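So the chains spell out like this:
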Amino acid sequence: MSYRTAGAVAGLLALLVALCAPAAARADGGSDDLLGQVGFDQRLGAQVAPELAFRDEDGAAVRLGNYLGARPVILVLAYYRCPNICSIALHQLSDTLRQISFGAGQQYDVVAVSIDPGERPADASAKKAEIVQSYGRPDEAGGWHFLTGPPESIHALAAAVGFRYAYDPQQHQFAHPTGSILLTPQGNVSRYFYGIDYAPTDLRLGLVEASSGRIGSPVDLLLLRCYHYDPVTGKYDIAIMSVLRLAGVATALLLGATVLALFRLERRRAARHDSGLT
């Protein structure tokens, strides 16, 4: 079974589990509705704090700012020993990124941060090795970063990007939303992509936009004029008015070129006619 198929199945199962969770919590006497605590709050333009302290997959002390400044960042909040959807989401992300020509560590960086303060660099290292192998471009492993950290850093980062999660003591698991967050090189939230399966074109356009057009081709910049980001769906949808305006401009240019060509042809004909008379 491919990760795309597995992802669809896992997503359905996760939805069914989520729908059953409130009833189960009430039956056990719990008062908190975990679903009410979990989700994404759109905070487009919000700044993440570069001074937040973590450890990378090698155990080295790093700050979030180590990964800012040069390129857009694809930020993923998950945890590495998650028994449910986190691994599928990371594999799906690697599959999507493999389908675009941009390279990790070249046009963008991927930064995964564990929301479980109990996880250690060894957990991050094992997950990185798994995902980089799935990505299939070993020379770009340096563009993938898997971090662990103390509760205060995790909470501060999650709050800054609007990522709401909660720990379920009965299940010994974290309830959390699934998706990726695009950051500009300066560390501002640019775009959200929800779920585990999003189109390579959407992710490519998001990276181009987050970079303020510093990466990508002229075609990418043209497509950004034809598509707009829908914050509700986390996708890029075609903007009909922009397409119509571009089509109108193209039509006007074509008509102008045609008229100019006909005018020049007529002048040449008139010139030949005049020279024949003389």
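These figures come from a predicted structure and were not determined experimentally.

Attention now moves to the pairing of strand β4 (residues 73-78). Within β4, six of the six residues are buried, leaving the element largely enclosed by the surrounding structure. Along β4, one buried face is formed by Val73, Leu75 and Leu77 and the opposite face, lined by Ile74, Val76 and Ala78, is buried too. Relative to strand β5 (residues 109-114), β4 runs parallel, the two sharing six bridges. Bridged to valine 73 within β5 is aspartate 109. Handedness of the crossover joining β4 and β5 through helix α3 (residues 86-98) is recorded here as right-handed. Sheet topology places β4 next to strand β10 (residues 179-183); three bridges connect them, and they run antiparallel. Paired with leucine 75 across the two strands is isoleucine 181, which belongs to β10.

Where two aromatic rings form a pair, the distance of their centres and the angle of their planes describe that pair. By the definition in use, this model includes eleven aromatic pairs. On the basis of an interplanar angle of 65° and a centroid distance of 5.6 Å, the ring pair of phenylalanine 40 and tyrosine 192 is categorised as edge-to-face. Highlighted residues: phenylalanine 40 in strand β1 (residues 39-40) and tyrosine 192 in strand β11 (residues 189-194), separated in sequence by 152 residues. In terms of burial, phenylalanine 40 and tyrosine 192 fall into one category: buried. Taken together, a centroid distance of 6.2 Å and an interplanar angle of 45° make the contact between tyrosine 165 and phenylalanine 174 tilted. An aromatic cluster is built from Phe40, Tyr79, Phe163, Tyr165, Tyr167, Phe174, Tyr192 and Tyr194, whose rings are joined through pairwise contacts. The ring of phenylalanine 102 is capped by arginine 204, whose NZ or CZ atom sits 4.1 Å from the centre of that ring.

Attention now goes to α3. With 13 residues, α3 ought to run about 18 Å at 1.5 Å a step, and its terminal C-alpha atoms sit 18 Å apart, in line with that. The buried fraction of α3 amounts to twelve of the 13 residues, a majority that puts the element mostly inside the structure. Regarding α3, the residues found buried are Cys86, Ser87, Ile88, Ala89, Leu90, His91, Gln92, Leu93, Ser94, Asp95, Thr96 and Leu97.

Further remarks concern the state of the cysteines. Going through the model one piece at a time under the given rule, you end up with zero disulfides. Its sulfur unpaired, cysteine 82 is 3.2 Å from the next cysteine sulfur, which belongs to cysteine 86. Cysteine 82 gets classed as buried once you look at its relative accessible area, which sits at 9%.

The next subject is the packing of α3 against helix α4 (residues 121-135). Where α3 contacts α4, the two axes come as close as 8 Å, and the packing angle between them is 35°. Crossing geometry of α3 relative to α4 is assigned as right-handed. Facing Ser87, Leu90, His91, Ser94, Leu97 and Arg98 of α3, the residues of α4 in contact are Lys127, Glu130, Ile131, Ser134 and Tyr135. Its residues placed into classes, the contact of α3 with α4 shows four nonpolar, four polar and three charged.

Within the open sheet, the five strands sit side by side as β6-β5-β4-β10-β11. Their pairing is mixed. The two strands at the open ends of the sheet, each matched to only one other strand, are β6 (144-147) and β11. Strand-to-strand, the axes of this sheet are offset by a mean angle of 20°, without reference to chain direction. As judged from the five bridges shared by β10 and β11, these two strands associate in the antiparallel manner. Bridging across to β11, leucine 182 finds its partner in arginine 191. Taken strand by strand, α3 contacts β4, β5, β6 and β10, and its axis lies near 165° from that of β4. Of the strands in this sheet, β4, β5, β10 and β11 are in contact with helix α5 (residues 151-161), which crosses β4 at around 120°.

Running from N to C, helix α6 (residues 200-210) and helix α7 (residues 218-226) point in directions that differ by 100°, and their axes come no closer than 10 Å. Compared by their axis directions, α6 and α7 come out roughly perpendicular. Contacts from Arg204, Leu205, Val208 and Glu209 in α6 reach Asp220, Leu221, Leu223 and Leu224 in α7. In terms of residue class, the contact of α6 with α7 is made up of five nonpolar, no polar and three charged.

Within α5, burial applies to Ser153, Ile154, Leu157, Ala158, Ala160 and Val161. Seen from one end, α5 has its buried residues packed into an arc of 160°, which puts them on one side. On its buried face, α5 sits against β2 (53-55), β4, β5, β7 (163-164), β10 and β11. Of the residues flanking the end of α5, it is glycine 162, one or two places downstream, whose phi is positive at about 75°.

Definitions and limits used
- Residues numbered from 1 in each chain as written.
- Predicted model: local features only at pLDDT ≥ 70, side-chain atom pairs only at ≥ 80, totals over all residues.
- Heavy atoms only, no water.
- Buried < 20%, exposed > 50% of the residue type's maximum accessible area, 1.4 Å probe, protein only.
- Helix = DSSP H or I, 4+ residues; strand = E, 2+ residues; numbered from the N terminus.
- Pairing = 2+ DSSP bridges.
- Right-handed = clockwise from strand over helix to strand, strands pointing away.
- Phe/Tyr/Trp six-rings, centres within 6.5 Å; stacked < 30°, edge-to-face > 60°.
- Lys NZ or Arg CZ within 6 Å of the ring centre and 35° of its normal.
- Expected span 1.5 Å × (residues − 1).
- Disulfide = S-S within 2.5 Å.
- Axes fitted to C-alpha atoms, helices over the stretch in contact; angles between N-to-C directions.
- Left-handed = near helix turned anticlockwise from the far one by under 90°.
- Contact = heavy atoms within 4.5 Å.
- Nonpolar A, V, L, I, M, F, W, Y, C, P; charged D, E, K, R; others polar.
- Parallel < 35°, antiparallel > 145°, perpendicular 65-115°, else oblique.
- Arc of directions from axis to C-beta.

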